[in-house]
There are 2 protein chains.
Amino acid sequence: MTQPAPPTLADVQAAADRLAGVAVRTPLLRAHALETALGAKRIYLKPECLQRTGSFKFRGALNALVQLTDEERARGVLAFSSGNHAQGVAAAAHMLGIGATIVMPEDAPSLKIERTKGWGAEVVQYDRYSQSRDIVASELLNKTGAVLIPPYDYGPVIAGQGTAALEVVQDLKALSDAPKKIDAIMLPCGGGGLSAGSALVFEQAFPKADFYVVEPKAYDDAGRTLAQGSLQEADLSNKSLCDALLTKSLGRLNLAILQRYAKGGLAVSDKQALQAVAYAFSELKLVVEPGGAVALAALLSGQVELRKKSAIIYLSGGNMDIDMLLRASMAL
Amino acid sequence: MTQPAPPTLADVQAAADRLAGVAVRTPLLRAHALETALGAKRIYLKPECLQRTGSFKFRGALNALVQLTDEERARGVLAFSSGNHAQGVAAAAHMLGIGATIVMPEDAPSLKIERTKGWGAEVVQYDRYSQSRDIVASELLNKTGAVLIPPYDYGPVIAGQGTAALEVVQDLKALSDAPKKIDAIMLPCGGGGLSAGSALVFEQAFPKADFYVVEPKAYDDAGRTLAQGSLQEADLSNKSLCDALLTKSLGRLNLAILQRYAKGGLAVSDKQALQAVAYAFSELKLVVEPGGAVALAALLSGQVELRKKSAIIYLSGGNMDIDMLLRASMAL
């Protein structure tokens, strides 16, 4: 089997047509308070926590599922995910009347497990420290005959996630007071679906911007991969509160795209991620989960100098309960 | 002294020019999950919690302060408020280099008191159960010579608050899939600044929509006033968690505008307001304080039938701490 080619900007544009009126067109928010605090010219936030199912994952899932044939739809779909891809696939399957089985780690947040079940999906749990997700998934695939919807290393998913970036570019063009240039773009990164999809758009729109993927320190494989030019892996026994970003490595398609455009990776501690969660609650009035807040955390911890500069920051998801917010409030 | 005339739509449009690029142009969010839950055609949210200082109050405050003469600016401004008008005036004064004194009740949320001080304002506290706010304020006015910025019964403030509605109308016009008509508009109401300013816009744009002001049950004077056609008062000894809405009565200018257009008032219990706060956190990923959530509460408690209909709901503020969110989570 030959390796498929990475998706292109045209694939992202086609995905946007499929998602129009179904996915939320999330707003581009100008963060005045952050601009003042950092002395920045413009800071724009893309709050994908406001997307259906509470994260950007719905975009890629829907773009993948609508392209299935009738025969494939009849077989149902299978996905493995700690929760945000799970909800995205489950919600998209529900809308399209497709059966969905989702493989989730036992230590996934209970909120995410409940929400996934709430969309009518069958949830199969496994112990991610003792069982291989791939083996669990392949056994289920063989048993059910379902179509696997990979979480990031898959063209339709990458193209779907990139639609958020198309909206950012359109919204910036419509502003009467947009900055002349965008200096930096920072977004949370696990396997690289959102990053690669966004890169397809931003490498054309802002070829000179510094594009950073941001990870938890214990899962900084994408940053190491981009620095070294070959695929590096994270130690899956490491723990982090950023459950949305705990992937072993970038996908191959994702890396192929990112190495053209990304300047590199940034990494934040769990404490910094929690501080960003608390900042989002109290200052931005947005609910952002730790994994969704890592780019904001990198900004707040001063990892990119933005004085008199302009940046775009993604808040990629908001699926957390109040207990997590309490932990965040204690991290300040 | 003759009673000033109520502001007009032209005043709102002039305010929008003054606020452009300074106030946040808050987005219009489509609430797919609410549409599904209620069988509605379209539900749009106007999240003024995303405004500078966490509520719409910044709009009216800035519109009022920029119109002061140099002589008035030199005297400084004075405002009385439980917290959102306080922060709005304090922030606008800070931006314009004007001194501000804010009179706040001792039982105002500590978060709001701290934020007001954070903008450099001098905060004077009083006991709202034993002291008259008017007497405290007039003593301070005499002592300081400051210019009073009334919280709602004041043309520049009403016109400023109305700018949010102009944005709603513009954003709806730009949508390719906007509904043919808006059936209902619901927004939180204390003294009626936001309601009256919005009515100036919506009575022109959507003359046939049902426009409801929403209040806490213990402070349902606006609803009674609109039903009876004469100014009714609330019992200020009543307690409510909706601190942003605890006013004695509608302002006279506010009533003059509202009685032309408003269909009436709706009222929700504190428990219903808290349930809406919890819903906003878990489902909308937005931080909305109890007083800011009463229109959503009226929607969630089924007070307006929206099956196959379209509505606009304001979320007017988001200044609360995690303790309030915990109370909300226990109200479900």
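Rules behind the numbers
Residues numbered from 1 in each chain as written. Chains lettered and ligands numbered in written order. Predicted model: local features only at pLDDT ≥ 70, side-chain atom pairs only at ≥ 80, totals over all residues. Heavy atoms only, no water. Buried < 20%, exposed > 50% of the residue type's maximum accessible area, 1.4 Å probe, protein only. Helix = DSSP H or I, 4+ residues; strand = E, 2+ residues; numbered from the N terminus. Pairing = 2+ DSSP bridges. Right-handed = clockwise from strand over helix to strand, strands pointing away. Domains from an automatic or database assignment. Contact = heavy atoms within 4.5 Å. Buried area = accessible area lost by both parts, 1.4 Å probe. Salt bridge = Lys/Arg side-chain N within 4 Å of Asp/Glu carboxyl O. Least-squares fit on C-alpha atoms with pLDDT ≥ 70 in both. Polar contact = N/O pair within 3.5 Å; in protein donor to acceptor, adjacent residues only side chain to side chain. Nonpolar A, V, L, I, M, F, W, Y, C, P; charged D, E, K, R; others polar. Axes fitted to C-alpha atoms, helices over the stretch in contact; angles between N-to-C directions. Phe/Tyr/Trp six-rings, centres within 6.5 Å; stacked < 30°, edge-to-face > 60°. Lys NZ or Arg CZ within 6 Å of the ring centre and 35° of its normal.

What follows deals with helix 3 (residues 57-65) of chain A. Within helix 3 of chain A, nine of the nine residues are buried, leaving the element largely enclosed by the surrounding structure. Within helix 3 of chain A, burial applies to Lys57, Phe58, Arg59, Gly60, Ala61, Leu62, Asn63, Ala64 and Leu65 of chain A.

Our focus in this paragraph is the pairing of strand 10 (residues 310-315) of chain B. Residue and element names in this part refer to chain B. Strand 10 sits mainly inside the fold: six of its six residues count as buried. Burial of the side chains of strand 10 extends over both faces: Ser310, Ile312 and Tyr314 are buried on one face and Ala311, Ile313 and Leu315 on the other. By the bridge criterion, three bridges tie strand 7 (residues 184-188) to strand 10 in an arrangement that is parallel. Its bridge partner lying in strand 10, Ile185 is registered against Ile312.

All names here are of chain A. Pairing geometry for strand 4 (residues 100-105) and strand 5 (residues 122-126), over five bridges, is parallel. Its bridge partner lying in strand 5, Pro105 is registered against Tyr126. Following the chain from strand 4 across helix 6 (residues 110-118) to the adjacent parallel strand 5, one finds a crossover that is right-handed.

This part takes up the domain arrangement of chain A. Residues and elements named next belong to chain A. Domain annotation for chain A reports domain 1 (9-55 + 156-329) and domain 2 (58-154). One C-alpha centre belongs to domain 1, the other to domain 2; they are set 23 Å apart. Each partner contributes residues to the interface: domain 1 has 44 residues there, and domain 2 has 26 residues. Roughly 2700 Å² is buried in total at the junction of domain 1 and domain 2, and carbon and sulfur atoms are behind 55% of that figure. Three residues, Thr53, Pro156 and Val157, lead the burial of domain 1 against domain 2; their summed loss comes to 24% of the area buried on that side. Applying the counting rule to domain 1 against domain 2 returns four salt bridges. Of the charged contacts in the structure, one is a salt bridge between Glu167 and Arg59, with a shortest N-O distance of 2.9 Å. Going through the elements one at a time, helix 1 (9-19), helix 8 (155-161), helix 9 (163-174) and helix 12 (252-261) are the ones with two or more residues in the side of domain 1 that touches domain 2.

All right, on to unusual backbone geometry then. Working note: non-glycine residues mostly have negative phi, and peptide bonds are mostly trans. Residue and element names in this part refer to chain A. Here Lys285, not a glycine, exhibits a phi torsion of approximately 60°, which is positive. Structurally, the position occupied by Lys285 is in the loop between helix 13 (270-284) and helix 14 (294-300). The phi dihedral of Lys308 is positive, around 65°, even though this residue is not glycine. Mapping Lys308 onto the fold places it in the loop between helix 14 and strand 10 (310-315).

Bringing the relation of the copies chain A and chain B into the picture now. Structural alignment of chain A on chain B gives an RMSD of 0.0 Å, achieved by rotating through 180° and translating 0.0 Å along the axis. Expressed as a symmetry operation, the mapping of one chain copy onto the other fits a two-fold axis. Across chain A, the rotation axis passes nearest the C-alpha of Leu286 of chain A, at a separation of 2.4 Å. Comparing contact sets, 100% of the residues at the interface of chain A also lie at the interface in chain B, consistent with an isologous, same-surface contact.

With that settled, consider the interface of chain A and chain B. In this complex, chain A contributes 29 residues to the contact, which on the side of chain B involves 29 residues. Together, the buried faces of chain A and chain B total about 2300 Å²; carbon and sulfur atoms form 68% of this surface. Across the chain A-chain B interface, the total number found is two salt bridges. Across the pair Glu283 of chain A and Arg115 of chain B runs a salt bridge, and its minimum N-O distance is 2.9 Å. In this assembly, chain A and chain B are joined by eleven residue pairs in polar contact (both at pLDDT 80 or more). Counting residues per element, the ones that place at least two in the side of chain A that touches chain B are strand 1 (29-30), helix 13 and helix 15 (322-330) of chain A. Its residues placed into classes, the side of chain A that touches chain B shows 15 nonpolar, seven polar and seven charged.

Residue and element names in this part refer to chain A. Read across the sheet, four strands follow the order 5-4-3-6 without closing on themselves; strand pairing throughout is parallel. Two strands close off the open sheet at either side, each with one partner strand: strand 5 and strand 6 (147-148). Relative to the sheet, helix 7 (residues 133-144) contacts strand 3 (77-80), strand 4, strand 5 and strand 6, its axis offset from that of strand 3 by approximately 170°.

Any two aromatic rings considered together are summarised by their centre-to-centre distance and by the angle between their planes. Going through the model one piece at a time under the given rule, you end up with eight aromatic pairs over all chains. Residues Phe202 of chain B and Tyr314 of chain B carry aromatic rings whose centres are separated by 6.4 Å and whose planes lie at 85° to one another, so their mutual orientation is edge-to-face. Remark: Tyr314 of chain B occurs in strand 10 and Phe202 of chain B occurs in helix 10 (residues 193-205); sequence separation between them is 112 residues. Exposure class is identical for Phe202 of chain B and Tyr314 of chain B. Each is buried. Three or more aromatic residues joined by ring pairs form one cluster here, namely Phe202, Phe206, Phe211, Tyr261 and Tyr314 of chain A. Positioned above the aromatic ring of Tyr129 of chain B, the side-chain terminus of Lys239 of chain B is 4.6 Å from the ring centre.

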